[in-house]
Amino acid sequence: MMDDKSTSSTRPASWALVTGSTSGIGQQTAIRLAEDGYSVVVSGRDKARAEQTQALIEAAGGSAVGLVADLSDPSAVRGLIAEVNQLLQGEPLDVLVNNAGGGGFAPTEATTEQMFDAAFNTHVKAPYLLTGAFAPAMAERGHGVIVNIGSMSTTMATNGTSAFQASKAALDMLTKSWTAEYGPRGVRVNSVAPGFVITPANEAYRDGYGGFLASLPAGRGARPEEIAEVIRFLVSPQASYIQGATIVADGGKSAVIAL
Ligand SMILES: NC(=O)c1ccc[n+]([C@@H]2O[C@H](COP(=O)([O-])OP(=O)(O)OC[C@H]3O[C@@H](n4cnc5c(N)ncnc54)[C@H](OP(=O)(O)O)[C@@H]3O)[C@@H](O)[C@H]2O)c1
């Protein structure tokens, strides 16, 4: 099991770091990337859940390392980068999934500076620092994949989630900026925009969310596995010509007007 910071298993051929992989979409993504042969760095704030995710992957024959860091704190992000570099022993990271985040929803006047900073630190600054740390080596080697997890609410607003939405919209723009910057050197950067996904974060709304879920063309919320499969595809060589894109997985929400 993990010591205070981490635990590692067998030496991998390729490495993937999935932030926010102790739960929900990130956990399902970590499991799938491990199935695809990556040694996965599992990361989140909760040590017990990091251990559980690592154990799930190892029980299925995969390789994982659990690292604990609160990505709303830039110094903890720098600590995570240092730990990953130590783990990789000079080898480049092959895949970075910037997934950690969620929550902090409040009307603008009730959003404290601390809540605002937490949203932007977690959804924008942490991915920015991680990409700045790992993308150059990917580019130098001529290949690598970055997937940013945005939200359907970067293109359509909902009431009472302004800091969340603005921060996720900024992350979507970074997908394009990094495609301009690193794309010509073999690094594919894309976003996934999930709709409503039934994860521990919103379990309470599983049965309807005020009729919203029933109104979707899909008629239901997504399972985290369904979003993880999109991420898995974007990481795979099958997605070799997809760069700078946002793949929407929202059960049809953004395609139709509900009258
Ligand atoms: N669920 C949805 O409907 C939905 C829709 C659109 C976009 N998204 C996005 O999808 C991503 C994953 O969400 P989810 O639904 O899978 O939620 P989830 O089940 O609550 O998982 C969130 C993950 O992010 C980690 N995390 C959160 N804040 C963190 C922080 N400050 N530092 C480090 N790790 C942090 C959590 O780690 P710990 O629990 O260990 O702290 C957990 O592993 C989020 O970015 C979210 O905004 C979700």
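Residues numbered from 1 in each chain as written. Predicted model: local features only at pLDDT ≥ 70, side-chain atom pairs only at ≥ 80, totals over all residues. Heavy atoms only, no water.

Chemist: Account for the overall build of the chain, with residues named and values stated.
Modeler: Helix and strand counts for the chain stand at seven helices and seven strands. Counting from the amino terminus, helix and strand elements in the chain follow one another as β-α-β-α-β-α-β-α-β-α-β-α-α-β. What you see for the chain is a C-alpha radius of gyration of 18 Å, in line with the 18 Å of a compact globule of 259 residues. Across its three principal axes, the chain shows a C-alpha extent of roughly 55 × 40 × 35 Å. With 259 residues in all, the chain has 50% of them scored as buried. (Helix = DSSP H or I, 4+ residues; strand = E, 2+ residues; numbered from the N terminus. Rg over C-alpha atoms; globule rule 2.2 N^0.38 Å. Buried < 20%, exposed > 50% of the residue type's maximum accessible area, 1.4 Å probe, protein only.)

Chemist: Just give me the short version of the sheet that holds strand S3 (residues 63-68), but keep the residues and values in it.
Modeler: Strands in a sheet are paired, the pairing made by backbone hydrogen bonds, and the direction either parallel or antiparallel. Strand order in this open sheet of seven strands is S3-S2-S1-S4-S5-S6-S7, and the pairing throughout is parallel. Looking along the sheet, the strands with just one partner apiece sit at the ends: S3 and strand S7 (246-249). Across the sheet, the mean angle separating the axes of adjacent strands is 15° when strand polarity is ignored. Relative to strand S2 (residues 38-44), strand S1 (residues 14-19) runs parallel, the two being bridged by six bridges. What sits directly across from Ala16, in S2, is Val40. With respect to the sheet, helix H7 (residues 224-235) is in contact with S2, strand S4 (95-98), strand S5 (144-149), strand S6 (187-194) and S7, its orientation differing from that of S6 by roughly 165°. (Pairing = 2+ DSSP bridges. Axes fitted to C-alpha atoms, helices over the stretch in contact; angles between N-to-C directions. Contact = heavy atoms within 4.5 Å.)

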